[in-house]
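# Residue-level structure breakdown
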Amino acid sequence: MIINFLFASIKAGTPLLFGTTGEIVTEKSGNLNLGVEGMMFMGAFMSFYTAYHTGNLWMALFAAFAIGIFAALIYAFLTVTLMANQNVCGLTLTIFGTGFAKFFGEAMINDAGGSPKLSDTLMAAFSEKKIPLLGDIPVLGKLFFSHNPLVYLAIIIAIICTIYMIKTRAGLNMRAVGENPAAADAAGINVTLVKYFHILLGGGICALGGAYLSLINGGGIWNNSSVVNGQGWISVALVIFASWNPAKAIFGSLIFGAFSVLQFYVPKNIIVIPNAFYVMLPFLITTLVLIVTSMRKSKEGSQPAGCGNNYFREER
Amino acid sequence: MLKKLVSFILVAVMVLSFTACGSKKESTDAGNTAAPTEATAEATGAATTETATTREPIAKENIKVAVIHIGDPADGAGYTFAHDQGIVAMQTALGLSDDQIIRKNNVNDADAAAIRTAMEECIEEGANIIFGTSWGYMDTMKELAEEYSEVVFSHCSGYESNGTNFNNYFGRIYQARYLAGIAAGMKTQSDKIGYVAAMGIDNSEVTGGINAFAMGIESVNPDAKVYVKVTNTWGDPTLEKQAAEALIDEGCDVIGQHCDSTAPQMAAEAAGVWGCGYNSDMTKDAPNAHLTAPIWNWGAYYSATVQSVIDGTFNGANYFGGLAEGLVDISPVSANCAEGTQEAIDAAKAKILDEGFKVFEGNIVDNEGNQICNEGEAIADTDITGKMNWYYKTVVVE
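Here is what the cut-offs are and how they apply
- Along every chain, residues carry numbers that run from 1 in the direction the sequence is written.
- To label them, take the chains in the order written and letter them from A, then take the ligands in the order written and number them from 1.
- In keeping with the model being predicted, local features are shown solely for residues with a pLDDT of at least 70 and side-chain atom pairs are shown and tallied solely at 80 or more, while totals for entire chains, interfaces and linings include all residues.
- By the criteria applied, helices consist of DSSP H or I runs no shorter than four residues and strands consist of E runs no shorter than two, each listed in order from the N terminus.
- Residue burial here comes from a neighbour count, namely the number of other C-beta atoms, placed from the backbone, that lie within 10 Å of the residue's own C-beta, with 20 or more meaning buried, 12 or fewer meaning exposed, and in between meaning partly exposed.
- A set of buried residues qualifies as a nonpolar core if it consists of Ala, Val, Leu, Ile, Met, Phe, Trp, Tyr and Cys joined through C-beta atoms within 7 Å.
- Segment limits for the domains were obtained from an automatic or database-derived domain assignment.
- Remark: residues whose backbone-derived C-beta atoms lie within 7 Å of one another are considered to be in contact.
- Scored from 0 to 100, pLDDT reflects the predictor's confidence in each residue.
- Three residue categories are used. Nonpolar comprises Ala, Val, Leu, Ile, Met, Phe, Trp, Tyr, Cys and Pro, charged comprises Asp, Glu, Lys and Arg, and polar comprises the others, including Gly.
- We call two strands paired when DSSP finds no fewer than two bridges between them.
- The handedness of a crossover follows from its direction of travel: if, with the strands pointing away from the viewer, the path from the first strand over the helix to the second runs clockwise, the crossover is right-handed.

What follows deals with the overall build of chain A. Counting its regular elements, chain A contains 13 helices and zero strands. Along the chain direction, N to C, the helices and strands of chain A fall in the order α-α-α-α-α-α-α-α-α-α-α-α-α. For the C-alpha atoms alone, the extent of chain A along its principal axes is close to 60 × 50 × 40 Å. Within the span of chain A, comprising 316 residues, buried residues form 48% of the whole.

Ranked by size, the top nonpolar core spans 198 residues in total, and within it Ala44(A), Ala64(A), Ala207(A), Ile130(B), Ala183(B) and Ile255(B) carry the most contacts. Here this core gathers at least three residues from each of two domains, domain 1 (39-171 + 297-321) and domain 2 (173-293 + 331-397) of chain B. Residues in contact with Ile255(B), not counting those within four places in the same chain, are Gly194(B), Val196(B), Ala244(B), Leu247(B), Ile248(B), Pro264(B), Ala267(B), Ala268(B), Val273(B) and Gly275(B).

A few words on the confidence of the model for chain B. All names here are of chain B. Mean pLDDT over chain B: 85, with 89% of residues reaching 70 or higher. Of the regions scoring below 50 in pLDDT, residues 22-53 engages in 59 contacts with residues more than four places distant in sequence or in other chains. Predicted complex metrics record ipTM = 0.72 and pTM = 0.76.

Once that is clear, we can look at unusual backbone geometry. All names here are of chain A. One non-glycine residue, Ser 243, lies in positive phi territory at about 45°. Structurally, the position occupied by Ser 243 is in the loop between α11 (231-241) and α12 (246-265). Classification of Ser 243 as partly exposed rests on a count of 17 C-beta atoms within 10 Å.

Residue and element names in this part refer to chain A. Examined against the element boundaries, Ala 258 turns out to sit in helix α12. Given 19 C-beta atoms within a 10 Å radius, Ala 258 is considered partly exposed. Taking the C-alpha atoms as reference points, Ala 258 and Phe 5, separated by 253 residues in sequence, lie 7.5 Å from one another.

Residues and elements named next belong to chain B. One can read the domain layout of chain B as domain 1 (39-171 + 297-321) and domain 2 (173-293 + 331-397). The C-alpha-based centres of domain 1 and domain 2 are spaced at 29 Å. Contact with domain 1, which involves 13 residues of that partner, is made by 15 residues of domain 2. A per-element tally of the side of domain 1 that touches domain 2 places helix α3 (residues 79-94) first, with three residues. Taken together, the residues of the side of domain 1 that touches domain 2 break down into seven nonpolar, six polar and no charged.

This paragraph deals with the pairing of strand β4 (residues 152-156) of chain B. On any regular strand, side chains alternate: one points to one face of the sheet, the next to the other face. All names here are of chain B. Of all the five residues making up β4, five are buried; the element is thus mostly covered by neighbouring parts of the structure. Here β4 shows a buried face lined by Val 152, Ser 154 and Cys 156 and a second buried face lined by Phe 153 and His 155. Relative to β4, strand β3 (residues 129-132) runs parallel, the two being bridged by four bridges. Note on β4: the bridge partner recorded for Ile 130 is Phe 153. For the crossover from β3 across helix α5 (residues 138-147) to β4, the handedness is right-handed. Taken together, the four bridges between β4 and strand β5 (residues 166-171) define a ladder with parallel strand orientation. If you follow His 155 over to β5, its bridge partner there is Asn 168.

See the structure below:
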């Protein structure tokens, strides 16, 4: 029972992990992109469309990544080059992405003459598979070694991003830009380039979360009305929960994933709580974390100082 | 810092008090929901076909039919799709042209302003009759019916009517659920049947569906239990899939559903178990899992109603059709079903159609041991539509 619950939590948490990692990369370079939901939607559609027509999982993931970069490019151009308000651009991107996916999703359904369905071979390619030997270990085998490939991909990306941010020179530059772009500029870092690169990278990773939702959560059928359904927003909250650290986001997404499936695993005849409470839980916890981190008053694990503000060299 | 602590504690207190109210409300709701549904009973039966001329006839070329959908028919399956298929069937049956049909999709049924705008746009375009397919449209439609007495308003799944140009329509889907339950009961090997329910015990429509499904199962398999998980939403495929997976984890090997998407059936397909869909035939979505689905043939109602508006005989009485009227049925029994399923279902169908078997009749005990109905009696239609706030004895809600 507990094992099944944890297993379901990991599955529910994976799209959040993609979204959170992508948003952390974006925010660490000083840009608050509230378009996660929209980028996930676009990724969800593109990956499904590509998977439907090519039947190739990796092509589908690549397409999602590419459309995520494209969506983030719109945002980057508006905020970095044209210095438009970041919050507004992010929200607009969410609305645009949602509409984009639904518009083309409907066209795809009309083309297919009914709800499009992925081929069985493709479904098998990203179904849950036991890793030989390791998957047979009792308990641990099911928890860690019997997932679909995208779960591992999400964790690997999160780990790589952590190492990149903390251990490499490029990561240091990116954090410098996020904290204080003026100082970074003075130190000879190309602020615009760094911002562009990380916004695009972050957008691509977010869109992979959308791919997870449409390919795996959707069960191989395109559903126009609610593919992403707020997961992007939960990812934005999770960034705070993970205190801008992708490694912590791995556990954060697991916890938030657990909350989202908790209501189905709590024995309702023993513990009687209205369902609305379970829906509320992730956000309640985020509030708690916000309070605790703000009380600690440490610079570590707080929002990058330059996040949300555009950098204009002449105004230094 | 103290400020923050205090404000957090206040928020926590507020949240907890909300939850406390929420749980209390459930018990009182059971009584409240019953009251407004009395109108349905008077109108039971195919009242719309009565011949008293109450309105001006409208020439067929001049009729314009509008339909307000909560979702998007392009989803290709599920609730809105089923309704739209009914509209298409009506269009074909009456020979209307495409520009005589107005569709408004994705109209949020909790947003009264959006509903009003959508409907007034339809009236502006010359609609003579407006069908609203979601529960939440009812109050707005009732108001509009008074403002626009020349337009007919027909609302799905509610209970009100005004005797002239506003009525409600729904059907005895529980009859089809009973038949689907037979397929599920014959298929299960673990004797555990899961059910993904959109709403909890205070929703009579959902609860009635579960009870009829459980009674159908019990008629062929007295040992089987029905395990229910509630998602509290009509449309969230992710949540519906997670609920289905949780049921499968508990050992359920047939997944029934009362929610709009195909997600529970996809979960059943992926896990190698079976399932009964809803609204439209989901065999094409889950070819190795799907048994049969209770389905709606809304076309039966839409054709008759639009015809009555053309003839000028629409009288604003409520409609509550069933198997006999062809409004509900089950999708063709798939090859996944156990042997003999078709015969058992045919027998039960004949019992309903020819012997007047009402499903909710005879000795019925709920899962808390209360006697709901006695031998030789039947539950009244008002209670079926409004007071079904109990679960049948084989139902387990966790």
